[in-house]
Amino acid sequence: MIISDILSEDMVLTEVEAVSKRQLLEKISSVLAQKKRLDKNSVFEAIWERENLGSTGYGKGVAFPHARMAGIDKVVSVFARLQHGLDYDTPDNTDVDLVAMMISPENSGDDHLKTLAAFSRVLKNADVCKEIRSAKSAHEIYTALQK
């Protein structure tokens, strides 16, 4: 699976502002829900419930909030670059500024894991993250994510 299979350019957000993890996840959930015609409360509740099981912060400024949800038939995702780093309870205690959020169908074990793996493969590359952080547009971020 490659990023373009699970993320479209119109689902890349730049300069997202938030003062807390909860506010960040509410904002991103709302955008994902609106663009994919899902109930924003259901999306946020699924993400927040999963986050309460344990932080989805990876470290090195990256987080992968994800959840499974009834009522959808394929994985949907959104990528956000934050305006400022945010405390996210990561293993390395670094602030998060790059967020790849995904919602998968309730019974999609394999696709859910493949989506997480695809984002992880790209975002563990320090050069790609540096390119995303210095990108001037959503298009440049989307292009960097294709590497």
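Every residue gets a number counted from 1 within its own chain, in the order that chain's sequence is written. Local features in this predicted model are restricted to residues of pLDDT 70 or higher, and side-chain atom pairs are both shown and tallied only at a pLDDT of 80 or more, whereas totals for entire chains, interfaces and linings draw on every residue. Excluding hydrogens and water, the side-chain values take into account all heavy atoms of the structure.

Re helix α4 (residues 109-123)
Basically, it comes down to this: Here a helix means four or more residues in a row that DSSP labels H or I, a strand means two or more in a row labelled E, and each is numbered from the N terminus. To estimate how far a helix should reach, multiply one less than its number of residues by 1.5 Å. Remark: exposure states derive from per-residue accessible area (1.4 Å probe, protein chains only) relative to the maximum for the residue type, with buried under 20%, exposed over 50%, and partly exposed in between. The directions considered for the arc are those from the helix axis to the C-beta atoms.
Between its first and last C-alpha atoms α4 spans 21 Å; for 15 residues at 1.5 Å apiece the expected length is 21 Å, and the two agree. All of the buried residues along α4 are His112, Thr115, Leu116, Ala118, Phe119, Val122 and Leu123. For α4, the angular spread of the buried residues around the axis is 155 degrees, confining them to a single face.

Here we look at unusual backbone geometry
We note that Glu15 has phi near 55 degrees; this positive angle belongs to a residue other than glycine. The partly exposed category is assigned to Glu15, whose relative accessible area is 37%. Within the chain, Arg37 stands out as a residue other than glycine whose phi angle is a positive 55 degrees. Along the polypeptide, Arg37 turns up in the loop between α2 (21-36) and α3 (40-53).

Some details on the pattern of salt bridges
Pairing is possible between side chains that carry opposite charge, provided their charged atoms lie close to one another. For clarity, the cut-off: A carboxyl oxygen of Asp or Glu within 4 Å of a side-chain nitrogen of Lys or Arg is what we treat as a salt bridge.
Tallying each qualifying case throughout the model produces 6 salt bridges. The shortest N-O distance in the salt bridge between Lys21 and Glu51 comes to 3.1 Å. Here Glu51 lies in helix α3 and Lys21 lies in helix α2, a separation of 30 residues in the sequence. This pair shows no difference in class: Lys21 is buried, exactly as Glu51 is. With its nearest N and O atoms 2.8 Å apart, the salt bridge here joins Arg133 to Asp97. Of this pair, Arg133 sits in helix α5 (residues 126-134) while Asp97 is found in strand β6 (residues 96-105), placing the two residues 36 residues apart along the sequence. Arg133 sits in the partly exposed class, given a relative accessible area of 33%. Among the residues examined, Asp97 registers a relative accessible area of 15% and is labelled buried.

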